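Examination of the molecular architecture
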Amino acid sequence: QNVVIGNNVSIGIGTTIKQGTKIGDGTIIGSQTTIDQNSVIGSDVIIGNNVKIQQNAVIGDKTETSDNVILDQNSSIGNFVFIGPKTVIKQNARIADGSYLSSGISFDQNVALGGNVIVMDSVMFNQGVKVVDRAIIGKKVVVNQNTKIGSDAVIAAGRTIGQNAKVCDGISVNTNLRTPYLYT
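None of these values were measured; they are calculated from a predicted model.

Here 10 strands make up an open sheet; going across it, the order is β2-β5-β8-β11-β14-β17-β20-β23-β26-β29 and the pairing parallel. Looking at strand neighbours, the two that pair on one side only are β2 (10-11) and β29 (172-173), the edges of this open sheet. Two elements, strand β11 (residues 64-65) and strand β14 (residues 82-83), share two bridges in a ladder whose sense is parallel. Of the residues in β14, the one forming a bridge with Thr-65 is Ile-83.

As structure tokens, this is what we get:
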């Protein structure tokens, strides 16, 4: 399969783009970046240096990834998303439109973020976490397996949310939550 590159695309030195990849118009790709096969990059996207995009990944229009980001296979990033440096997004992750991810964030497999979610530095999302629209996650938060954080929820910096917890819509969490827990 051929690589399809749109109009006015800029590709940095040492970047590798593998078969079946599609890149939209006006996209800028930094140096030493790898885009694996069958990935789709939207229009007007900015991809930093030393970024690794694995096979079958999708990045929506007008999204920006900073340097040293890893986007694992079968993951999907929406439109108008910002991904800060040194963020690792493992396979089958979904990040909806308008979300902002600061730096050093770690996503395990099958994590889903709703639209317009804000995530600050050094947050860890473990497997199966779901964060609904407009939630705000403070710095150095750990969210354990299969936890759901509701829309408009706020998690204070430095908190740990236990596995299988449910944080209801609009709730502010200022303490660590044990497992399992329903925070209303």
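Next comes the rest of the write-up.
The parallel open sheet is built from nine strands, whose spatial order is β3-β6-β9-β12-β15-β18-β21-β24-β27. With one partner strand each, in any of the chains shown, β3 (16-17) and β27 (160-161) form the two edges of the open sheet. Two elements, strand β21 (residues 124-125) and strand β24 (residues 142-143), share two bridges in a ladder whose sense is parallel. Bridged to Phe-125 within β24 is Val-143.

We now examine the pattern of salt bridges. Taken as a whole and judged by the stated rule, the model has three salt bridges. A salt bridge links Asp-44 to Lys-62; the nearest nitrogen and oxygen atoms lie 3.1 Å apart. Residue Asp-44 is found in the loop between β7 (40-41) and β8 (46-47), and its partner Lys-62 is found in the loop between β10 (58-59) and β11; the two are separated by 18 residues along the sequence. Given a relative accessible area of 38%, Asp-44 falls into the partly exposed group. What makes Lys-62 partly exposed here is its relative accessible area of 43%.

Here is what the cut-offs are and how they apply
Starting afresh in each chain, residues are numbered from 1 along the sequence in its written order. Reporting in this predicted model follows two pLDDT cut-offs: at least 70 for local features of residues, and 80 or more for side-chain atom pairs to be given and counted; totals over whole chains, interfaces and linings ignore these cut-offs and use all residues. Just so you know, side-chain values use all the structure's heavy atoms and leave hydrogens and water out. Pairs of strands are assigned from DSSP output, requiring at least two bridges between the strands. Numbering goes from the N terminus for both helices and strands, where a helix is a DSSP run of H or I of at least four residues and a strand is a run of E of at least two. By definition here, a salt bridge exists when the distance from a side-chain nitrogen of Lys or Arg to a carboxyl oxygen of Asp or Glu is within 4 Å. Type-normalised accessible area, obtained with a 1.4 Å probe on protein chains alone, sets the label of each residue: buried when under 20%, exposed when over 50%, and partly exposed for intermediate values.

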